[in-house]
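Read off the chains here:
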Amino acid sequence: MATASAPLQLATASRPRTRCGGGGLHVGARVGAAPPGRGHRRLAVRSVQGSALPEEEIASVLDPIDSSAIASNIKHHAEFTPLFSPEHFSPLKAYHATAKSVLDTLIMNWNATYDYYNRTNVKQAYYLSMEFLQGRALTNAVGNLELTGQYAEALNQLGQNLENVATQEPDAALGNGGLGRLASCFLDSLATLNYPAWGYGLRYKYGLFKQIITKDGQEEVAENWLEMGNPWEIVRNDISYPVKFYGKVVEGTDGKKHWIGGENIKAVAHDIPIPGYKTKTTNNLRLWSTMVPAKDFNLDAFNAGDHTSAYEAHLNAEKICHILYPGDEAPEGKLLRLKQQYTLCSASLQDIIAHFEKRAGNSLNWDDFPSKVAVQMNDTHPTLCIPELMRILMDVKGLSWNEAWSITERTVAYTNHTVLPEALEKWSLDIMQKLLPRHVEIIETIDGELMNTIISKYGTADTSLLKKKIKEMRILDNVDLPASIAKLFVKPKEKKESPSKLKEKFLVKSLETIVEVEETESEVEKNIVSETVETESEVEKNIVSETVETESEVEKNIVSETVEGVVESEEIVEAENEDSEDELDPFVKSDPKLPRVVRMANLCVVGGHSVNGVAEIHSEIVKEDVFNGFYEMWPTKFQNKTNGVTPRRWIRFCNPESSSIISKWIGSDDWILNTDKLAELKKFADNEDLQSEWRAAKKANKMKVVSLIRDKTGYIVSPDAMFDVQVKRIHEYKRQLLNILGIVYRYKKMKEMSAKERVKSFVPRVCIFGGKAFATYIQAKRIVKFITDVAATVNHDPEIGDLLKVVFVPDYNVSIAETLIPASELSQHISTAGMEASGTSNMKFAMNGCILIGTLDGANVEIREEVGAENFFLFGAEAHEVAGLRKERAQGKFVPDPRFEEVKKYVCSGVFRSCNYDELMGSLEGNEGYGRADYFLVGKDFPSYIECQKKVDEAYRNQKLWTRMSILNTAGSSKFSSDRTIHEYAKDIWDISPAILP
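Residues numbered from 1 in each chain as written. Predicted model: local features only at pLDDT ≥ 70, side-chain atom pairs only at ≥ 80, totals over all residues. Heavy atoms only, no water.

## Looking at the overall build of the chain
Thought 1: Across its full length, the chain carries 38 helices and 26 strands.
Thought 2: The buried share of the chain, taken over its 998 residues, is 56%.
Thought 3: Pairs at least 24 residues apart make up 78% of the contacts formed inside the chain by residues separated by at least 6 positions. (Helix = DSSP H or I, 4+ residues; strand = E, 2+ residues; numbered from the N terminus. Buried < 20%, exposed > 50% of the residue type's maximum accessible area, 1.4 Å probe, protein only. Contact = heavy atoms within 4.5 Å.)

And the structure:
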């Protein structure tokens, strides 16, 4: 186990260069081919524990760089980096050599940054995320180092082109969507703003998957991003930590809990330097791979021919980092996902604690931990940080429960990214008990403490309210309540009255009955006497005598039966009272028909000191709905941190044409670090010269997309058409189905018109889709198939021509986004209101002068406020209406718009190939049932969406108006820089300050 993360120490020497000497990794240059910045000085990088670099040495390696030195360094790496044969300097070889050249500079800055953090012992933030969607590193690194021009010139000297060389880099397959892209934007801003912070993630060998589009829709194959090696990572074989699964918990003679036995693996660190813009600060993204030592290879089994079992331990360890989000429908998949999450948490926390202990030295005080460490959990995937930190502090470091809990609660914070119930992770308690027995013990204790806190707040007088709060807020769901709490929900059985009391009641009742009989007989006797006056006296006497005798028998029988009944009842009551017990409320017991689960989001809220949403509307939903019980209990925990994106990658580097125009009209490029300056564009929005330049830049970017579409799909599209784009993860709530149905409706109306009418009625459009459907998400994959079928029909319709094209760009990733977004003119952010937490692509599009069509959902609300309502195309139901609309649907009150019925009928007519869309269209039918009843309100919002699209066409025809709207979108996007977001996290949650290198 490593004691701390050692810096990659720089050393200068005059002895001949050697490989793999000095106990660590060496990267450097021979005499005459120095790394950029130091003429002919030879540099070696070692992974050792060593003394700090002198400040003058740090400064000396950061001198300005010229293109000739860079060319020499690239040439050196091409010659001595043993990845390719030396015969041909291909673009791919040029990429790897260039990356290694840039890495030389990054390592120098990384060492200087790490050394400074160690010497000053600053408080540091650690951002844990299952995803980091980095995109290509080369253009971003040279841009942040302000060396783009020099590297372009150096490659020209070597017969290569920087843009072409950069395209050789595969996107790092470390994420899927907005969660990972946000994390990467945050790392960029943290370094740029000089905040001491590291990211922690997993090094996925095959990523999520590579998407291939065929006639059958989406197909998935493994990503191959690591097949040619990753020149940006530094494997830290000296930094590894043990991670345990399974086993059992025992109590030692010292009274401590010990987690023993089970399966042990090793997590090994891989470091990727993250440079800031216009600063020396270079932070770190540390990724973990998993393995077991060579001794775990069963040589005897292998030699006996049992090769599978021989390699079993290695396979079990390595597969943890094979795939991002492995399918979890089978129990094995669930186990693997849980292993992934625990590996991230355990290895990262052990590393963080090693940093803390090393920096504290002889003055180690665990109570100082929260003042030196801030751990941010990006969504619920790193939730196990909470019980793992507790375990380490108690079982390894010897702290008490109260001490460990105080430290944990002050250290950890949680960002919520979803309001979808299925996305709020719930792990099987049985699986977790099997895999992480010690952590389940800790979680059970936290759950018990939480219930005691709930009881303290709400009291025990109103058990209905208390039951509601415990059911809503417990960490463990469908798990028996502890006996100490269960007794509060006991319903006493109603006891029978005592036998003597019951006997007395029976006797009283009997006497009352006798009296009633006597009164009745008296009346009967009088009537008989009155009516038989002429009857002989003897007859009358006989009648009276018989009546009295009869009554006497009745009285005796009644009394006799009553007494017997009392005796019998007395025996029954005594028996029942002897056996009676209080009755437990069913609430206190688990339902054996339902799974027992751990609600990870609830654990995050309880175990952390801060809970934040990622857009204003989302944060309100979190407080008022998702975690309302917790908000009532701890209102100060909750806050909003609206997401942001880095303006370096998402304007400056991906859109150099528009960036130059912005800098020209503002008067400087200060906006790259201070996006508030973008607002200065507003005063030029109507300037014809700016508008002309703006349109020219947009056209140049569209030409790049024309080439991209041709290369990726074979379709030829016109750059003169409006580029209408929806690129994001495929999900029903994001409503790609609404978009494509709108396109189908548009196509149908075109087909009903003459050629002249079409041109008059419709603006030419290229409708572009991109995004991955999760491999087991069948309905999302049906949507992909439907889009590609529509594209195949529309794009080959000679009557329509360039008036309408539909394109699905396969394998959408960051690099494709960097080409698409600057060229986009209309972008669709049309999720069902209240279901999108924030979104970040909407911010990127707005920054690049793209006008949005969307609902009042997520960050759309704030974007519309900032850019102006007149520069945003709004439609659809609002979040507060959604629940009522679903209720109306369930009651059969929804009346679909005729246009919606028309388009559904058209789809089912077979016009788009001969495919059966019954399952897809069936989700829009009916009033109730899983997967039906149009849960995402496509039908409800369809007419509003169609009308809004007419407004889009109308505005686009007026290019002066459209360009003005575009400029004002960029001018109003300043709020959505991740720099602003990170400043807020640093101040309000992490309590960290910039650490500017001297």
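## Observations regarding the sheet that holds strand β3 (residues 124–128)
Thought 1: The mixed open sheet is built from nine strands, whose spatial order is β7-β10-β11-β4-β3-β12-β13-β19-β20. Taken across any chain shown, the strands that pair with only one partner, and hence form the sheet edges, are β7 (234–245) and β20 (638–640). Averaged over all neighbouring strand pairs, the angle between strand axes comes to 25°, with direction disregarded.
Thought 2: The sheet contact formed by strand β10 (residues 263–275) and strand β11 (residues 282–291) spans 10 bridges and is antiparallel. (Pairing = 2+ DSSP bridges. Axes fitted to C-alpha atoms, helices over the stretch in contact; angles between N-to-C directions.)

## Description of the state of the cysteines
A covalent bond bridging the sulfur atoms of two cysteines is what the word disulfide describes.
Thought 1: Within this structure, the stated rule accounts for zero disulfides.
Thought 2: No disulfide involves Cys 345; its sulfur sits 3.6 Å from the nearest other cysteine sulfur, which is in Cys 385. (Disulfide = S-S within 2.5 Å.)

## Looking at the layout of surface pockets
Thought 1: Each pocket or cavity is described by its volume, and for the second largest pocket that value is around 670 Å³.
Thought 2: Taken together, 24 residues make up the lining of the second largest pocket; nearest its centre are Val 419, Pro 421, Leu 424, Asp 625 and Val 626.
Thought 3: At the level of elements, α21 (600–607), α22 (616–626) and α33 (879–890) are the ones that each hand at least two residues to the lining of the second largest pocket.
Thought 4: At five residues, the largest contribution of residues to the lining of the second largest pocket is made by α33. (1 Å grid on protein atoms, 1.4 Å probe; cavity = no way out; pocket = protein on both sides within 12 Å on 5 of 7 lines; lining within 4 Å. Points joined across faces, edges and corners; volume = space filled by probe spheres on them.)

## Concerning the packing of aromatic side chains
Thought 1: Tallied over the entire structure, the rule returns 33 aromatic pairs.
Thought 2: Arranged with centres 5.7 Å apart and planes meeting at 75°, the rings of Tyr 127 and Phe 186 form a pair that is edge-to-face. Taken together, the residues span a long stretch of sequence, with Tyr 127 in strand β3 and Phe 186 in helix α7 (residues 178–192) at a distance of 59 residues. Pair check on accessibility: Tyr 127 and Phe 186 agree, each one buried.
Thought 3: Between the aromatic rings of Phe 786 and Phe 912, the centroid separation amounts to 6.3 Å while the plane-to-plane angle is 80°, which identifies the pairing as edge-to-face. Linking Phe 786 in helix α29 (residues 778–794) with Phe 912 in the loop between α34 (898–907) and α35 (918–922), this pair joins segments that are 126 residues apart in sequence. (Phe/Tyr/Trp six-rings, centres within 6.5 Å; stacked < 30°, edge-to-face > 60°.)

## What to know about the sheet that holds strand β22 (residues 765–770)
Thought 1: The strand order β23-β22-β21-β24-β25-β26 describes an open sheet built from six strands, whose pairing is parallel. The sheet is open, and its two edges are formed by β23 (804–809) and β26 (873–874), each paired on a single side.
Thought 2: As judged from the six bridges shared by strand β21 (residues 722–727) and β22, these two strands associate in the parallel manner. Opposite Val 725, over in β22, you have Ile 768 as the bridge partner.

## Comments concerning the nonpolar core
Thought 1: If you look at the biggest cluster of nonpolar residues, it comprises 153 residues, and the most contacted ones within it are Met 432 and Trp 990.
Thought 2: The greatest single-element share of this core, amounting to 12 residues, is contributed by helix α11 (residues 331–360).
Thought 3: Beyond its immediate stretch of four places on either side in the chain, Trp 990 contacts Lys 123, Ala 125, Tyr 127, Leu 190, Ala 374, Gln 376, Ile 982 and Tyr 985.
Thought 4: Counting 55 residues, the second largest nonpolar core, distinct from the first, contains Tyr 747, Val 763, Leu 924 and Val 952. (Core = buried A, V, L, I, M, F, W, Y, C linked by side-chain atoms within 4.5 Å.)

## Here we look at the side chain of Glu 223
Thought 1: Topologically, Glu 223 is positioned in the loop between β6 (217–221) and β7.
Thought 2: Once residues within four sequence positions are removed from consideration, Glu 223 is found in contact with Ala 173, Lys 205, Tyr 206, Gly 207, Phe 209, Lys 210, Lys 772 and Asp 811.

## Focus on unusual backbone geometry
Thought 1: Its identity is not glycine, yet Ala 933 carries a phi of approximately 70°, on the positive side.
Thought 2: Within the secondary structure layout, Ala 933 lies in the loop between α35 and α36 (938–957).
Thought 3: Given a relative accessible area of 11%, Ala 933 falls into the buried group.
Thought 4: Phi is positive for Asp 934, which is not a glycine, with a value near 50°.
Thought 5: Within the fold, Asp 934 resides in the loop between α35 and α36.

## Quick notes on the pairing of β11
Thought 1: Of all 10 residues that make up β11, nine are buried, and the element is covered over most of its length.
Thought 2: Bridge count between strand β4 (residues 197–202) and β11: five bridges; the pairing is parallel. Within the sheet, the bridge partner assigned to Trp 198 lies in β11 and is Asn 284.
Thought 3: Hairpin connection, β10 to β11: the antiparallel pair is bridged by six residues, and Lys 278 has positive phi, about 60°.

## A word on empty space enclosed by the protein
One simple way to see leftover space: roll a probe sized like a water molecule over the atoms.
Thought 1: Tallied over the entire structure, the rule returns six cavities of 30 Å³ or more.
Thought 2: One number sums up the size of the largest cavity: a volume of about 70 Å³.
Thought 3: Forming the walls of the largest cavity are Lys 728, Lys 734, His 829, Ile 830, Ser 831, Glu 836, Ser 838, Gly 839, Ser 841, Asn 842, Asp 857 and Asn 860.
Thought 4: Residues of the lining of the largest cavity, tallied by class, amount to one nonpolar, seven polar and four charged. (Nonpolar A, V, L, I, M, F, W, Y, C, P; charged D, E, K, R; others polar.)

## Comments concerning the confidence of the model for the chain
Thought 1: Scored by pLDDT, the chain comes out at a mean of 88, with 84% of its residues at no less than 70.
Thought 2: Confidence drops under pLDDT 50 across residues 37–63; counting only partners more than four residues distant or on other chains, this segment forms 78 contacts.
Thought 3: A low-confidence stretch, residues 539–545 stays under pLDDT 50, and its non-local contacts, those more than four residues away or across chains, total three contacts. (pLDDT = per-residue confidence, 0-100.)

## Structural notes on the environment of Arg 596
Thought 1: With respect to the helices, strands and loops of the structure, Arg 596 is situated in the loop between β17 (583–584) and β18 (597–599).
Thought 2: When the C-alpha atoms of Arg 596 and Asp 430 are compared, they prove to be 7.2 Å apart, with 166 residues separating the residues in sequence.
Thought 3: With residues near it in sequence (within four places) discarded, Arg 596 still touches Trp 427, Ser 428, Leu 429, Asp 430, Asp 477, Asn 478 and Val 479.
Thought 4: Only 2.6 Å separates the side chain of Arg 596 from the side chain of Asp 430, close enough to count as a polar contact. (Polar contact = N/O pair within 3.5 Å; in protein donor to acceptor, adjacent residues only side chain to side chain.)

## A word on the environment of Ile 443
Thought 1: Along the chain, Ile 443 falls in helix α16 (residues 437–458).
Thought 2: For Ile 443, a relative accessible area of 1% translates into the label buried.
Thought 3: In the structure, Ile 443 is positioned 33 residues away from Leu 476 in sequence and 8.3 Å away in space, judged by C-alpha atoms.
Thought 4: Excluding residues that lie within four positions of it along the chain, Ile 443 makes contacts with Pro 387, Met 432, Ile 475, Leu 476, Val 598 and Leu 603.

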